[in-house]
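# Coordinate analysis (summary)
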Amino acid sequence: MGKSVVRLTIDGRETAAAQGSTVAAALLNAGLTELRQSVNGEPRGPLCGMGICFECRVSIDGRAHQKSCQVLCADGMVVTTE
Ligand code: FES
């Protein structure tokens, strides 16, 4: 059986991701490594991949500060980086 694909929107661009993959993986697949900025304006992106560092935060379906490494991609999901 082939892997199912879900479609989501990242910063206004439609993209596809394997079902069961994290939003962080989809973001990296889309070439996005800088998801937000620190208070000093330094670029930040996924670091730990396990929910501890909080560096992978994005907005998901209008909810800010979601840890993208802890959320699975879903059909119709809208993801926005800073
Ligand atoms: S990569 Fe560290 S919390 Fe997501």
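This part is about the pairing of strand E6 (residues 63-67). Relative to E6, strand E5 (residues 57-60) is paired through 3 bridges, and the arrangement is antiparallel. The residue of E6 that forms the bridge with Val58 is Gln66. If you look at the hairpin formed by E5 and E6, you'll find 2 residues sitting between the two strands, and Asp61 has a positive phi there, around 50°.

Turning our attention to the pairing of E5. Residue alternation in E5 divides its side chains into a buried set, Val58 and Ile60, and an unburied set, Arg57 and Ser59. Pairing of E5 with strand E7 (residues 78-80), which is carried by 2 bridges, proceeds in the antiparallel orientation. Bridging from a neighbouring strand, Ile60 pairs with Val79 of E7.

Attention shifts here to the sheet that holds strand E1 (residues 5-10). Pairing is mixed in the open sheet, where 5 strands are placed in the order E2-E1-E7-E5-E6. Of all the strands in the sheet, just strand E2 (13-18) and E6 have a single pairing partner and so form its edges. Sheet twist, expressed as the mean angle between neighbouring strand axes with direction ignored, is 40°. Note: E1 against E7, 2 bridges, orientation parallel. In the strand pairing of E7, Ile10 is matched with Val79.

As a further point, take the pattern of salt bridges. Inspection of the entire model under this criterion finds 3 salt bridges. Among the ionic pairs, Arg36 bridges to Glu55, the shortest N-O distance being 2.7 Å. Of this pair, Arg36 sits in strand E3 (residues 36-37) while Glu55 sits in the loop between strand E4 (43-44) and E5, placing them 19 residues apart in sequence. One salt bridge in this structure joins Arg44 and Glu55, with 3.5 Å as the shortest N-O distance. One end of the pair, Arg44, is in strand E4; the other, Glu55, is in the loop between E4 and E5, with 11 residues separating them in the sequence. Here Arg44 falls in the partly exposed class, since its relative accessible area comes to 28%. Here the salt bridges do not stand alone but share partners, grouping Arg36, Glu42, Arg44 and Glu55 into one network.

It is worth spelling out unusual backbone geometry at this point. Despite not being glycine, Asp11 shows a phi value in the positive range, around 50°. Turning to its location among the elements, Asp11 is positioned in the loop between E1 and E2. Positive phi, close to 50°, is recorded for Asp61, a residue that is not glycine. Examined against the element boundaries, Asp61 turns out to sit in the loop between E5 and E6. Judged by relative accessible area, which is 48%, Asp61 ranks as partly exposed.

Definitions and cut-offs
Residues numbered from 1 in each chain as written. Predicted model: local features only at pLDDT ≥ 70, side-chain atom pairs only at ≥ 80, totals over all residues. Heavy atoms only, no water. Pairing = 2+ DSSP bridges. Helix = DSSP H or I, 4+ residues; strand = E, 2+ residues; numbered from the N terminus. Buried < 20%, exposed > 50% of the residue type's maximum accessible area, 1.4 Å probe, protein only. Axes fitted to C-alpha atoms, helices over the stretch in contact; angles between N-to-C directions. Salt bridge = Lys/Arg side-chain N within 4 Å of Asp/Glu carboxyl O.

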